[in-house]
Amino acid sequence: MLDQIELEKSLKSNHELRKETEKRQLELLKAGKIDLDSEALKQTAQDLEDAYNDELAKFNPAPRTTEADKKNNIRSLDRKLEETLVLLVEQKLGNKSHFLLPQGRHKAGESMRQTAERTLKEQCGDALQVTFYGNAPVGFYKYKYPASSRTETVGAKVFFFRSVLKQGSGNIADSKLKYQWMSQKELQQQLQQAYYQSVAQFLL
C-alpha cells in the first residue's frame, strides 16, 4: 500500500510529461481544433522511446568472465567483477608467513587512522590510491604471540579500517610483494577461522 501511495504521489519525468502533452495535441489535431507546425511532431517522445528500445535490443554486454578469471590470476584487480575483492598481503608472524590484511605497528604521536594510512602506503606503495571511511576502526582482532616470540607482551590487538580503491587507481606496483585480491568466499578458505570471523563482521 505504501509503495502504491508513493507511486501515485511521485512526480513524472520530463519524458512522461512530453508524451502526455503530445498525446493531447494529437487528439486536438484530429478534432481539427488546432493546427500544429509539421516540425513540432517531426520527432515525438514515442519516436525517441522506440529508438531507445531498438538501441537496447542491439546492445551486447561485455562478458563478465575476464582473462584474469580464466587464468585464476589472484594478483589482478580485473577478476570476479561482480564481487568485492579484499587485499591480503603476506606478512611474517613469528617463524611463519601468513596472508593477512595489511597491518603494521602504531607509532607514538599518530592517530589510529594515520597508522593505517602509513602502513598501507609502506606495504603497497603509491600506485594504490584509496579512500578511508571514517576516523574510527570498524573492527578488531586480538591474538597471542607464539610462546617463543613473547617478550614484553603476550599478544597484540589489530584494529581494522575500511577503505576502498579510488576510481582509476593502479594495482600494487611492487612485483616482489606477495599479495592476493580475494573474494569473500576465497577469504573464508584462506584465513584462519577466528581471524576470518573478525574480518567478516565489517565486510558484510
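As a reminder, the structure under discussion sits directly above these lines.
Numbering of residues begins from 1 in every chain and follows the order in which that chain's sequence is written. The predicted nature of this model means local features are confined to residues of pLDDT at least 70 and side-chain atom pairs, given and counted, to a pLDDT of 80 or more, with totals for whole chains, interfaces and linings taken over all residues. Based on all heavy atoms of the structure, the side-chain values leave hydrogens and waters out of the count.

A. Up close: unusual backbone geometry. In the Ramachandran plot, Asn72 falls in the positive-phi region, its phi being about 50 degrees despite a non-glycine side chain. A run of H or I in DSSP becomes a helix once it reaches four residues, and a run of E becomes a strand once it reaches two; helices and strands are each numbered from the N terminus. With respect to the helices, strands and loops of the structure, Asn72 is situated in the loop between α4 (67–70) and β1 (86–93). In the Ramachandran plot, Lys80 falls in the positive-phi region, its phi being about 45 degrees despite a non-glycine side chain. When you line up the elements, Lys80 lands in the loop between α4 and β1. Exposure classes here rest on a 1.4 Å probe applied to the protein chains alone. A residue is buried below 20% of its type maximum, exposed above 50%, and partly exposed in between. When its relative accessible area of 26% is taken as the criterion, Lys80 is described as partly exposed.

B. Seen up close, the sheet that holds strand β7 (residues 179–182). Two strands form a pair only when DSSP identifies at least two bridges running between them. Taken in spatial order, the three strands line up as β2-β1-β7 in an open sheet, and their pairing is antiparallel. Among the strands making up the open sheet, the edge pair consists of β2 (96–100) and β7. Direction aside, neighbouring strands of the sheet carry axes that sit 25 degrees apart on average. The convention used is that axes are lines fitted to C-alpha atoms, helices contributing only their stretch in contact, and that angles between N-to-C directions extend from 0 to 180 degrees.

C. The pattern of salt bridges, seen in detail. We define a salt bridge as a side-chain nitrogen of Lys or Arg found within 4 Å of a carboxyl oxygen belonging to Asp or Glu. Using the criterion set out here, one finds 11 salt bridges in the structure. A salt bridge links Arg64 to Glu82, with the shortest nitrogen-to-oxygen separation between them at 3.4 Å. A residue pair is termed long-range when its members are at least 10 positions apart, and Arg64 in the loop between α3 (45–58) and α4 and Glu82 in the loop between α4 and β1 qualify at 18 residues. Taking relative accessible area as the criterion, Arg64 reaches 45% and is therefore assigned partly exposed. Arg118 is the partner of Glu122 in a salt bridge, and the nearest nitrogen-oxygen pair spans 3.2 Å. Taken together, the residues Glu122 and Arg118, both in helix α5 (residues 112–124) and four residues apart, mark about one turn of the helix. Using a relative accessible area of 53% as the deciding quantity, one classes Glu122 as exposed. When its relative accessible area of 17% is taken as the criterion, Arg118 is described as buried.

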